[in-house]
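Results of the structural survey
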Amino acid sequence: MATTNPLQFIQQVRAEVAKVVWPTRREVMLTTVMVFILAALTAVFFATVDIIIRGGLQAVLNMFG
């Protein structure tokens, strides 16, 4: 494994960071809103599935109880 001195390492890090394409404020806001919307839709989906399963299980248990 090749070793580099700290100055070369810092220069290499700065060169790599300069290559990064940072998202714009609009892109960050748009993706953040999308994450919240998809999280809400997922929560509604699983709540609905939970209610359906609970209702079905209660119906089956009421048949035998």
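Below or above, wherever it landed, is the structure these notes cover.

How each quantity is defined
Residues numbered from 1 in each chain as written. Predicted model: local features only at pLDDT ≥ 70, side-chain atom pairs only at ≥ 80, totals over all residues. Heavy atoms only, no water. Phe/Tyr/Trp six-rings, centres within 6.5 Å; stacked < 30°, edge-to-face > 60°. Buried < 20%, exposed > 50% of the residue type's maximum accessible area, 1.4 Å probe, protein only. Salt bridge = Lys/Arg side-chain N within 4 Å of Asp/Glu carboxyl O. Helix = DSSP H or I, 4+ residues; strand = E, 2+ residues; numbered from the N terminus. Patch = residues over 30% accessible without salt bridge, like charges linked within 9 Å, V, L, I, M, F, W, Y side chains within 5 Å. Areas by Shrake-Rupley, 256 points an atom, 1.4 Å probe, with all protein chains shown as cover.

The next point concerns the packing of aromatic side chains. Evaluation of the coordinates by the stated rule reveals one aromatic pair. Between phenylalanine 45 and phenylalanine 46 the ring centres are 5.1 Å apart and the planes differ by 70 degrees, which places this aromatic pair in the edge-to-face class. For phenylalanine 45, a relative accessible area of 49% puts it in the partly exposed group. By relative accessible area, which is 52% here, phenylalanine 46 ends up exposed.

The tally for this structure, following the rule as stated, stands at one salt bridge. Two residues, glutamate 16 and lysine 19, come together in a salt bridge whose shortest N-O distance is 3.2 Å. In this pair, glutamate 16 and lysine 19 are both assigned in helix H1 (residues 6-19), three residues apart and thus about one turn of the helix distant. Residue class for glutamate 16 comes out partly exposed when judged on its relative accessible area of 46%. With relative accessibility at 58%, the residue lysine 19 sits in the exposed group.

Attention now moves to a nonpolar patch on the surface. On the surface, Phe9, Ile10, Val13, Val17, Val20 and Trp22 cluster together into a nonpolar patch covering about 580 Å² of accessible area. Relative to the helices and strands, valine 20 resides in the loop between H1 and helix H2 (25-64). Overall, valine 20 belongs to the partly exposed group, its relative accessible area being 37%.

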